[in-house]
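Chain by chain, the residues run as shown.
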Amino acid sequence: MTGAPAAFRAILARELRLALRHPADTLAAVLFFVLVCALFPFGVGPAPETLARLAPGALLAAALLAALLPLDRLFGADAEDGSLDQLLLSGLPPAGIAAAKALGHWLTTGLPLLAATPAAAALLALPGAAWPAALGALALATAILSLLGTAGAALTLGARHGGVLLPLLVLPLAIPAVIFGAAAIEAAAAALSPTPFLLLLGAGLSLAAPLAPLAAGAALRAE
């Protein structure tokens, strides 16, 4: 039993080292997130009231789309160079490998997106009082997407046009996270409590945390 936690930590550390060695995916996701938010004032006008009304949904949608960018390579690169076979022989169950990959994706993509959230919120004229709720909503929503995206990446591994299939598979499942996350930010902007919506996001994360790695592990085992 002691081998499984050690293997989990080793896979997670490997993901972090790879992200530090090749930071292009992380930088691309952050730049995409900020640039999408920066485009809204040009499309709808610079009026702060209009931007603030659109900000909750725009932040969630832009962050989730940005987090999708590195997902098609989550297992693909390992499958191409043979590393995936070695991971499957590491002694960690496939579901554990998927969980380590999902956590690595969130640490290398979700956390940088959270760091860029104040800049994106300022571009969208989101009231400062809603920034903590925005950070909380994005933290939970991106964690959910990392789990769903890991399952989607495993299911589309080896498929033709897998990079096209992945967002079509994952984004519909992420719609509740967008709805509840945007509602939490809207509530905070209106001086109401965002807690009920954050709790719903937490419930979604609690549901995805065990189920998504199991689905991803089953897909990896079938490869």
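Please read all numbers here as calculations on a predicted model, not as lab measurements.

About the criteria used
Residues numbered from 1 in each chain as written. Predicted model: local features only at pLDDT ≥ 70, side-chain atom pairs only at ≥ 80, totals over all residues. Heavy atoms only, no water. Helix = DSSP H or I, 4+ residues; strand = E, 2+ residues; numbered from the N terminus. Expected span 1.5 Å × (residues − 1). Buried < 20%, exposed > 50% of the residue type's maximum accessible area, 1.4 Å probe, protein only. Arc of directions from axis to C-beta. Contact = heavy atoms within 4.5 Å. UniProt positions renumbered as here; feature names shortened; annotations may be inferred. Axes fitted to C-alpha atoms, helices over the stretch in contact; angles between N-to-C directions. Left-handed = near helix turned anticlockwise from the far one by under 90°. Nonpolar A, V, L, I, M, F, W, Y, C, P; charged D, E, K, R; others polar. Salt bridge = Lys/Arg side-chain N within 4 Å of Asp/Glu carboxyl O.

### A closer look at helix H2 (residues 24-44)
1) Next: Between its first and last C-alpha, H2 extends 30 Å over 21 residues, near the 30 Å set by a 1.5 Å rise per residue.
2) Next: Listed in full, the buried residues belonging to H2 are Thr 26, Ala 29, Val 30, Phe 33, Cys 37, Ala 38 and Pro 41. The buried residues of H2 all sit within an arc of 155° when viewed along its axis, so they share a single face. Turned more than 90 degrees away from the buried face of H2 sit Ala 24, Leu 27, Leu 31, Leu 35, Leu 39, Phe 42 and Gly 43, all of them exposed.
3) Next: Among the structural elements, helix H3 (48-68), helix H6 (94-123) and helix H7 (131-155) are those in contact with the buried residues of H2.
4) Next: One or two positions beyond H2, positive phi appears at Gly 45, with a value near 100°.

### Regarding the UniProt feature "transmembrane region" (unreviewed entry) in the protein
1) Next: When the UniProt feature table is mapped onto this chain, "transmembrane region" (unreviewed entry) is found at residues 24-44, 50-69, 111-131, 137-157, 164-185 and 197-220.
2) Next: Across residues 50-69 one finds 95% helix and 0% strand; the C-alpha atoms that close the span lie 28 Å apart.
3) Next: Counted over residues 197-220, helix gives 100% and strand 0%. Its end C-alpha atoms are 33 Å apart.

### Quick look at the packing of helix H1 (residues 3-21) against H6
A pair of packed helices is characterised by two quantities: the angle between their axes and the separation of those axes.
1) Next: Between H1 and H6, the least distance of the axes is 9 Å, while the angle of their chain directions is 35°. The hand of the H1/H6 crossing is right-handed. Of H6, the residues touching H1 (which contributes Phe 8, Ile 11, Leu 12, Arg 14, Glu 15, Leu 16 and Ala 19) are Gly 96, Ile 97, Ala 99, Ala 100, Lys 101, Leu 103, Gly 104, Leu 107 and Thr 108.
2) Next: Tallied by class, residues from the contact of H1 with H6 come to 10 nonpolar, 3 polar and 3 charged.

### Brief notes about unusual backbone geometry
1) Next: If you check the backbone angles, Ala 125 has positive phi at about 55° while not being a glycine.
2) Next: Relative to the helices and strands, Ala 125 resides in the loop between H6 and H7.
3) Next: Judged by relative accessible area, which is 26%, Ala 125 ranks as partly exposed.
4) Next: One non-glycine residue, Ala 191, adopts positive backbone phi at about 65°.
5) Next: By the secondary structure assignment, Ala 191 is in the loop between helix H8 (162-189) and helix H9 (195-222).
6) Next: Ala 191 gets classed as exposed once you look at its relative accessible area, which sits at 71%.

### Let's talk about the pattern of salt bridges
1) Next: Summed over the entire model, instances satisfying the criterion amount to 2 salt bridges.
2) Next: Here Arg 14 ties to Glu 15 by a salt bridge, and the two come within 3.3 Å at their closest N and O atoms. Side by side, Arg 14 and Glu 15 carry an identical accessibility label, which is buried.
3) Next: The partner of Lys 101 in a salt bridge is Glu 15, and the shortest N-O contact between them spans 2.9 Å.

### Concerning the packing of H3 against H7
1) Next: As a packed pair, H3 and H7 sit with axes 10 Å apart at the nearest point and diverge in direction by 35°. At the point where H3 passes H7, the crossing takes the right-handed sense. The segment H3 lies against H7, with Leu 59, Leu 60, Ala 63, Leu 64, Ala 67 and Leu 68 engaging Ala 134, Leu 138, Ala 141, Thr 142 and Leu 145.

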